Amino acid sequence: MVTVIFPAAGASRRMGCGKNKIFLEIAGEPVLIRTLKIFSQVERVKKLIVVVGADEVEIVEELLKSTPNLKSWQVTIGGSERQYSIANGLKFVPATSEIILVHDAARPLVSVQTIDAVIDAAEKFGGAIAAVPEKNTIKVIDAEGFVKNTPPRSNLVEVQTPQGFRREILFRAYSQAETDNFLGTDDASLVERIGAQIKVIRSDYRNIKITTPEDIDIAESFLRS
């Protein structure tokens, strides 16, 4: 059984729309609903946990109640940081879930194929992340803003979600992070710290995160194509 946690408690400041970006519409449908519908198409996914701000719980619950054909879902309250929101979501993961995925609620164009591939790799290796090859040249700089070196692009990937892990690995990673008061940038960074293996799964460049107003236009363009 697979459970998916969707962190969605951010303030969406870069979107500048005055509300959570998960409520914005892409081709006439809210971002959150598009995302949940895709995961509801995946046979092994049985539970959806949406983590939002305290003032949005009832709004999201009503939205999901009015959406047919979703997998079993639950809405809970998020924290001040993404990591804390996911930690809250972990409290509601059923004991029968062998694999836990974490996916940005604002990534509504992820493919079923990518989701299945991440689940397969998480089952085999313990951890897996969706990613695409880095297209840009990356520079490492020092504290004064001077270039130190240029890492080879062949060794770099742009990380996306979903990220998937065996249940015991993700719970152990979060427990250790809490003990160490460590705040990571994604779930994989927490799992890396406990020495677990993480497989990179080739995703696609359509799997964008809706962050700025331009991303709405890009997403709708992808859908039209």
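Check the entry above for the structure.
Residues numbered from 1 in each chain as written. Predicted model: local features only at pLDDT ≥ 70, side-chain atom pairs only at ≥ 80, totals over all residues. Heavy atoms only, no water.

Draft legend 1. Seen up close, the environment of Arg193. The residue Arg193 is located in helix 6 (residues 187-193) in this model. With a relative accessible area of 37%, Arg193 lands in the partly exposed category. A C-alpha to C-alpha distance of 25 Å links Arg193 and Ala8, two positions 185 residues apart in sequence. Beyond its immediate stretch of four places on either side in the chain, Arg193 contacts Gln176, Ala177, Asp180 and Phe182. (Helix = DSSP H or I, 4+ residues; strand = E, 2+ residues; numbered from the N terminus. Buried < 20%, exposed > 50% of the residue type's maximum accessible area, 1.4 Å probe, protein only. Contact = heavy atoms within 4.5 Å.)

Draft legend 2. Layout of the pairing of strand 5 (residues 72-77). The pairing of strand 4 (residues 45-52) with strand 5 spans 6 bridges and is parallel. Looking at strand 5, one finds that Ile49 is bridged to Gln74. Since strand 4 and strand 5 lie parallel, the crossover through helix 2 (residues 57-65) that links them has a hand, and here it is right-handed. (Pairing = 2+ DSSP bridges. Right-handed = clockwise from strand over helix to strand, strands pointing away.)

Draft legend 3. Quick look at the packing of aromatic side chains. Here the structure, examined in full by the defined rule, presents 1 aromatic pair. Ring plane angle 85° and centroid distance 5.1 Å describe the contact between Phe6 and Phe39, whose orientation is recorded as edge-to-face. Highlighted residues: Phe6 in strand 1 (residues 2-7) and Phe39 in helix 1 (residues 31-40), separated in sequence by 33 residues. Taking relative accessible area as the criterion, Phe6 reaches 0% and is therefore assigned buried. A cation over a ring is seen here: Lys135 above Tyr205, with NZ or CZ 4.3 Å from the ring centre. Against the face of Phe182 rests Arg193, its NZ or CZ located 4.2 Å from the ring centre. (Phe/Tyr/Trp six-rings, centres within 6.5 Å; stacked < 30°, edge-to-face > 60°. Lys NZ or Arg CZ within 6 Å of the ring centre and 35° of its normal.)

Draft legend 4. Layout of a nonpolar patch on the surface. On the surface, Val157, Val159 and Val200 cluster together into a nonpolar patch covering about 200 Å² of accessible area. Given a relative accessible area of 34%, Val159 falls into the partly exposed group. (Patch = residues over 30% accessible without salt bridge, like charges linked within 9 Å, V, L, I, M, F, W, Y side chains within 5 Å. Areas by Shrake-Rupley, 256 points an atom, 1.4 Å probe, with all protein chains shown as cover. Salt bridge = Lys/Arg side-chain N within 4 Å of Asp/Glu carboxyl O.)

Draft legend 5. View of the pattern of salt bridges. This model, assessed by the stated rule, comprises 10 salt bridges. Residue Glu29 pairs with Arg34 through a salt bridge whose shortest N-O separation is 3.8 Å. By the burial criterion, Glu29 is buried, and Arg34 matches it. Put simply, Asp187 and Arg82 hold a salt bridge, and the shortest N to O gap is 3.2 Å. Of this pair, Asp187 sits in helix 6 while Arg82 sits in helix 3 (residues 82-90), placing them 105 residues apart in sequence. Classification of Asp187 as buried rests on a relative accessible area of 1%. Judged by relative accessible area, Arg82 falls into the partly exposed class, the value being 26%. Connected via shared salt-bridge partners are Arg44, Asp116, Asp120 and Glu123.

Draft legend 6. Main features of the nonpolar core. Counting residues in hydrophobic clusters, the biggest one holds 33 residues, and the most contacted among them are Val50, Val60, Leu64 and Leu101. Those elements that place two or more of their residues in this core are strand 1, helix 1, strand 4, helix 2, strand 6 (99-102), helix 4 (112-125) and strand 7 (127-133). In this structure, Val60 is in contact with Ile22, Phe23, Leu32, Val50, Val52 and Val75, ignoring residues within four places of it in sequence. If you look at the next biggest cluster of nonpolar residues, it comprises 19 residues, including Val51, Val93, Ile129 and Ile169. (Core = buried A, V, L, I, M, F, W, Y, C linked by side-chain atoms within 4.5 Å.)

Draft legend 7. Expanded view of helix 7 (residues 213-224). Compared with an ideal rise of 1.5 Å per residue, which puts 12 residues at 16 Å, helix 7 spans 18 Å between its outermost C-alpha atoms and is within 8% of the ideal. Burial in helix 7 covers these residues: Asp215, Ile216 and Ala219. Along the long axis of helix 7, the arc covered by the buried residues comes to 105°, so they all point the same way. Of the residues in helix 7, the exposed ones pointing more than 90 degrees away from the buried face are Asp217 and Arg224. Buried residues along helix 7 sit against strand 2 (25-26). (Expected span 1.5 Å × (residues − 1). Arc of directions from axis to C-beta.)

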